[in-house]
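Examining the three-dimensional arrangement
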Amino acid sequence: MRYGFCTGFAASMTGPISYPLIDAVAAAGYDYVEFPLMQTAALSDAAFDTLAAYLADAKLAADCTCNMFPASLRITEPKLDRQAVGSYLELAFGRLARLGTRTIVLGSTGARNLPAGTDEATGYERMMRLLTELVIPLLDAYDMTVAIEPINGNDSNFIRTLPEGMALVERAAHPRVQLLADLMHMLYEQESPEALAAYAANLRHIHVSERDRVLPFGGYSDELAALLERLHALGYDGTISFECGPSTAAETAAALRLLRRTMEE
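Quick summary incoming for the structure in this document. (Residues numbered from 1 in each chain as written. Predicted model: local features only at pLDDT ≥ 70, side-chain atom pairs only at ≥ 80, totals over all residues. Heavy atoms only, no water.)

So, about the nonpolar core. One finds Met 68, Phe 69, Leu 89, Leu 106, Leu 131, Leu 183 and Leu 228 to be the most contacted residues of the largest nonpolar core, which totals 85 residues. The element that contributes the greatest number of residues to this core is helix H6 (residues 120–142), accounting for ten residues. In contact with Leu 89, other than residues within four places in its own chain, are Met 68, Phe 69, Leu 134, Val 135 and Leu 138. (Core = buried A, V, L, I, M, F, W, Y, C linked by side-chain atoms within 4.5 Å. Buried < 20%, exposed > 50% of the residue type's maximum accessible area, 1.4 Å probe, protein only. Helix = DSSP H or I, 4+ residues; strand = E, 2+ residues; numbered from the N terminus. Contact = heavy atoms within 4.5 Å.)

What follows is the structure, encoded as structure tokens:
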């Protein structure tokens, strides 16, 4: 099991890197830090060099990255801007390779939500266009995997549940296109722990949070506990990250201790 901490909601999605947060994550004993890709891709070359060196000094990996696309790159429009999206991905994948990242989370509702009047079948066709023409060739070239993230209906009008995410994975039928389970989104969609069992073979990555992005550091709600217990019973042994709002260094460390006990004992 590899344990990580997402920085996006805890600090910034697009602004400067929070080095105090990186310090807290490293000091707490996490294996990796998970940045929003749209943040690291937007850094200047000098700022990215500083980040890469800082992580190396901290001995902190970057196994996964989330928030694959900024909202400015609309990937479900009738006409895909291949030049803009392709240029963004070329830069982003090169930087991820330098950080040692292996898993890219494709949530990005601002980029992915369907335009008004677009049905889901068309949405899947447009996502397949993106994956086939631009994403999968880079995944193969850089030896990475994309994890499709279902996002609850409060924020998303497309791919809201694990079955809907799995529908895209099955359409792609490619080993580098897999599924992410975000337990907070599962809570909002009232998905059963058995949904995790149904798609266990394709689960590449997990996000953990209580509702409202509350970091669980002193205990779990009954619903979140049931999801984590099912993952443990399934023998899940991949990457798992907290994706929560701001917290203190002590809370960040306590959350990791609790999660380790839950997943390993």
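With that out of the way, let us pick up helix H11 (residues 249–264). With 16 residues, H11 should reach 22 Å at 1.5 Å per residue; the first-to-last C-alpha distance of 23 Å fits that figure. Those residues of H11 not exposed but buried are Thr 252, Ala 253, Ala 254, Ala 255, Leu 256, Leu 258, Leu 259, Thr 262 and Met 263. Those residues of H11 hidden inside the fold are in contact with strand E1 (2–6), helix H1 (19–28), helix H10 (222–234) and strand E8 (239–242). (Expected span 1.5 Å × (residues − 1).)

Bringing the packing of aromatic side chains into the picture now. Inspection of every chain in the model, using the stated rule, returns seven aromatic pairs. Ring geometry for Phe 5 versus Phe 242: centroids 6.5 Å apart, planes at 50 degrees, classification tilted. Remark: Phe 242 occurs in strand E8 and Phe 5 occurs in strand E1; sequence separation between them is 237 residues. Aromatic pair Tyr 124 and Phe 158: ring centres 5.1 Å apart, planes at 70 degrees, arrangement edge-to-face. (Phe/Tyr/Trp six-rings, centres within 6.5 Å; stacked < 30°, edge-to-face > 60°.)

From the geometry alone we can't say anything about function, so treat these as descriptive.
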